[in-house]
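If you want the building blocks of each chain, they are given just below.
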Amino acid sequence: MNETLNVLVIDDNQDQLEVLRIVLGKRDPDLKVEVYADPAAGLQALSEKSFDVVLLDYSLPGVNGLDLLRQIKDRWPHLPVIFVTGQGNEKIAVAAMRDGAHDYIIKEGDYLKFLHKTIRHAHEKAQLEKQILTSKLRLQALFDGIQDFISVQDREFNVVMVNRKFADWVEEEPDALVGRKCYEVYFKRSEPCENCPLQATFQTRQKDFLEMHHDNEVFHIWSYPMTGLDGHLDFAIEHLRRVTDQKRMEEQLIQNDKLVTLGILSSGIAHEIRNPLNIIEAARYYLSEVIPPEETDKHEKLMIIRKNVYRASRIINNLLEFSRKKDMDAQEIDVNAILEKTLALIEKEMRVRDIEVVRELEPGLITYFDPDGLRQISLNLILNAIQAMPEGGTLYLRTRRDESGNICLEVEDTGIGIPPENLKNLFAPFFTTKPIGEGTGLGLYIVNAIVSRNGGEIKVESEIGKGTLFRVMLPRKSSPDVANGKLIENHRAEAINA
Ligand SMILES: Nc1ncnc2c1ncn2[C@@H]1O[C@H](COP(=O)(O)OP(=O)(O)OP(=O)(O)O)[C@@H](O)[C@H]1O
Ligand SMILES: [Mg+2]
């Protein structure tokens, strides 16, 4: 049994309409035919009821059949229209096809005999077109919904199809990219990219992959063969993903992982080396006591031992600090007092090196911080400043409390300065410009680690030949223990112990 189809016929010839109705009803009773001699009434019927096929005569009263066809196609673009013309009007039939008619019929011979078949055929064709359009729209929606960049290209790298995301990236409309070279549009190049995976896919008919670095970005590019029904490989799909952030994160993770391992390793080694160092230092001390003072060359050698033991233990302390995760011993501290104690450790060294210290310390800077952490920060910054002034100079030490209550510590020198290209690496672990044995490159890394895990900030200003300023901001903090009584407990314990 045939599907019932509603057919609308517009033809000004009443006799013709009658014949049509009778013939069609006889040949295919499932065609429900409505006939209109007046084009306006036909249009009215179309807007009120759903029809499956329209049969439209070319010669109509007061209106050109082609105009009416265009009106119908504008309002119902997927409704199949069969255009009917008289003999000698074949050219008009071709124009009607161009304007969207599904088929045409020339009124000649026994054309009525096959009209029902033409109607069914036009309907089937329209149904198929609808299905194709629906799947095309679905595919396009899918294509455009993908958040990676997708394009289809031919063997000459001409873009054939591109998704919305890709077009947005280059700030163009997808249609404007069709026909242009992939490498020009996306990478602003005049020739294909080296190791282009599409080129490989066209050669091998296999999928391919490339990690590409371009403009400080990292891309992953996959290419897939797109074989036609005839088996020819005329097109390939390019799937491009920007992975810059992911890459950075991966590198960071690897770096963190390395650092954790290094931390465990170095704290183990540091503990092991501390003991022999203590023994060396004790032995040196003993020798310095028993060797008569007039044997100066021996005392000089002992000084060399002392200096190097000191250097080795500083490296060990750095390594231990490096592996330390938390500031366990935060307490109320006097910032200036800690700075003074740190300075006292190295003041002699500074005098020898002809370095003058200028203090601009705001009194009464009490905060809640790990004293060892602050000692590490100030010692590393001051040592760096000293090392930057081999010919002597001035070291400025400044402390103050800013309007938000944060503590600000400045260590400034009049030394060699830092080349701009080194600024970005300063806080990286093991970055050093000092000769092997003199610097581990951990000083600023540790400073930065302590400052940032306490919610602070560190800034550098430097000019080659003029000097460097390190400004550390430690956020205002009050003791969490005061509230829960821990400090009071501690005081009580101290009082009992005393
Ligand atoms: N005040 C400064 N003036 C000039 N360069 C500096 C200054 N502070 C740091 N630098 C540069 O930054 C690098 C890294 O400093 P950092 O303190 O991390 O390591 P280091 O001093 O080389 O070794 P370490 O501190 O472990 O003994 C130094 O090698 C130096 O090039
Ligand atoms: Mg240093």
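Definitions and limits used
Residues numbered from 1 in each chain as written. Chains lettered and ligands numbered in written order. Predicted model: local features only at pLDDT ≥ 70, side-chain atom pairs only at ≥ 80, totals over all residues. Heavy atoms only, no water. Near = heavy atom within 4 Å. Polar contact = N/O pair within 3.5 Å; in protein donor to acceptor, adjacent residues only side chain to side chain. Areas by Shrake-Rupley, 256 points an atom, 1.4 Å probe, with all protein chains shown as cover. Helix = DSSP H or I, 4+ residues; strand = E, 2+ residues; numbered from the N terminus. Nonpolar A, V, L, I, M, F, W, Y, C, P; charged D, E, K, R; others polar. Buried < 20%, exposed > 50% of the residue type's maximum accessible area, 1.4 Å probe, protein only. Salt bridge = Lys/Arg side-chain N within 4 Å of Asp/Glu carboxyl O. Domains from an automatic or database assignment. Contact = heavy atoms within 4.5 Å. Pairing = 2+ DSSP bridges. Right-handed = clockwise from strand over helix to strand, strands pointing away. Axes fitted to C-alpha atoms, helices over the stretch in contact; angles between N-to-C directions. Disulfide = S-S within 2.5 Å. Phe/Tyr/Trp six-rings, centres within 6.5 Å; stacked < 30°, edge-to-face > 60°.

Caption draft 1: Inspection of the site of ligand 1 at higher detail. Neighbouring ligand 1 are 23 residues; Asn-384, Thr-432, Thr-433, Lys-434 and Thr-440 lie closest to it. In the environment of ligand 1, an oxygen atom lies 3.0 Å from a nitrogen or oxygen atom belonging to the backbone of Gly-441. Protein contact buries 96% of the 590 Å² of open area that ligand 1 shows by itself. Where the shell around ligand 1 is concerned, the elements lending two or more residues are helix 11 (296-323), helix 13 (371-387), helix 15 (443-453) and strand 19 (467-474). Per-element tally for the shell around ligand 1: the top contributor is helix 13, with three residues. Residue composition of the shell around ligand 1, grouped by class: eight nonpolar, eleven polar and four charged.

Caption draft 2: Just the environment of Phe-219, in detail. The topology assignment puts Phe-219 in strand 11 (residues 217-226). With relative accessibility at 1%, the residue Phe-219 sits in the buried group. Sequence separation of Phe-219 and Glu-295 is 76 residues, and the distance between their C-alpha atoms is 69 Å.

Caption draft 3: Layout of the pattern of salt bridges. Counting across every chain of the model gives 27 salt bridges. Note that Asp-28 and Arg-120 form a salt bridge whose closest N and O atoms lie 2.8 Å from each other. Note that Asp-28 is positioned in the loop between helix 1 (14-27) and strand 2 (31-36) and Arg-120 in helix 5 (residues 111-145), a separation of 92 residues in sequence. For the pair Asp-28 and Arg-120, a shared accessibility class is recorded, and that class is buried. A salt bridge links Glu-340 to Arg-359; the nearest nitrogen and oxygen atoms lie 2.9 Å apart. With Glu-340 in helix 12 (residues 335-352) and Arg-359 in strand 14 (residues 355-361), this residue pair connects regions lying 19 residues apart in the sequence. For Glu-340, a relative accessible area of 31% corresponds to the partly exposed category. Arg-359 sits in the partly exposed class, given a relative accessible area of 34%. Among the charged side chains, a salt-bridge network with shared partners connects Glu-360, Arg-398, Arg-400, Glu-410, Glu-412, Glu-461 and Arg-471.

Caption draft 4: Focus on the domain arrangement of the protein. Each domain of the protein was delimited in the assignment, giving domain 1 (5-142), domain 2 (147-242), domain 3 (244-325) and domain 4 (328-498). When each unit is reduced to the centre of its C-alpha atoms, the spacing between domain 1 and domain 4 is 89 Å.

Caption draft 5: Region of the structure containing the side chain of His-220. Here His-220 is to be found in strand 11. You can call His-220 buried: its relative accessible area is 14%. A distance of 2.9 Å separates the side chain of His-220 from the side chain of Glu-211, its partner in a polar contact. Those residues in contact with His-220 that lie beyond four places of it in its chain are Phe-209, Leu-210, Glu-211, His-239, Leu-240, Arg-241 and Val-243.

Caption draft 6: Fine view of the pairing of strand 6 (residues 81-86). Strand 6 sits mainly inside the fold: five of its six residues count as buried. Bridge count for strand 3 (residues 53-57) against strand 6 is four bridges, and the pairing is parallel. Following the sheet pairing, Leu-55 is matched in strand 6 by Ile-82. Here strand 6 pairs with strand 7 (residues 103-107) via five bridges, running parallel. Within the sheet, the bridge partner assigned to Ile-82 lies in strand 7 and is Asp-103. The parallel pair strand 6 and strand 7, bridged by helix 4 (residues 90-98), forms a crossover whose chirality is right-handed.

Caption draft 7: Expanded view of the environment of Leu-229. Tracing the sequence through the fold places Leu-229 in the loop between strand 11 and strand 12 (235-242). Taking the C-alpha atoms as reference points, Leu-229 and Pro-420, separated by 191 residues in sequence, lie 60 Å from one another.

Caption draft 8: Inspection of the sheet that holds strand 16 (residues 393-401) at higher detail. Sheet architecture is open: five strands sit in the order 14-16-17-19-18, paired in mixed fashion. Bordering the open sheet on either side are strand 14 and strand 18 (457-463), each of which pairs with just one other strand. In this sheet, neighbouring strand axes are inclined to one another by 10° on average, regardless of whether the strands run parallel or antiparallel. For strand 14 and strand 16, the ladder comprises seven bridges, and the chain directions are parallel. Bridge pairing in strand 16 links Glu-360 to Arg-398.

Caption draft 9: Spotlight on the state of the cysteines. For the structure on display, the rule yields zero disulfides. Left unpaired, Cys-182 is separated from the closest cysteine sulfur, that of Cys-193, by 6.2 Å. Note on Cys-182: relative accessible area 5%, which makes it buried.

Caption draft 10: Looking closely at the packing of aromatic side chains. Taken as a whole and assessed by the stated rule, the structure comprises eleven aromatic pairs. Taking the centre distance of 4.8 Å and the plane angle of 15° together, the rings of Phe-149 and Trp-169 count as stacked. Here Phe-149, found in strand 8 (residues 149-154), pairs with Trp-169, found in helix 6 (residues 164-169); they are 20 residues apart in sequence, far enough to count as distant. On the basis of relative accessibility, which here comes to 22%, the residue Trp-169 falls in the partly exposed class. Ring-pair connections join several aromatic residues into one group, and the members of that group are Phe-149, Phe-166, Trp-169, Tyr-186, Phe-187 and Phe-219.

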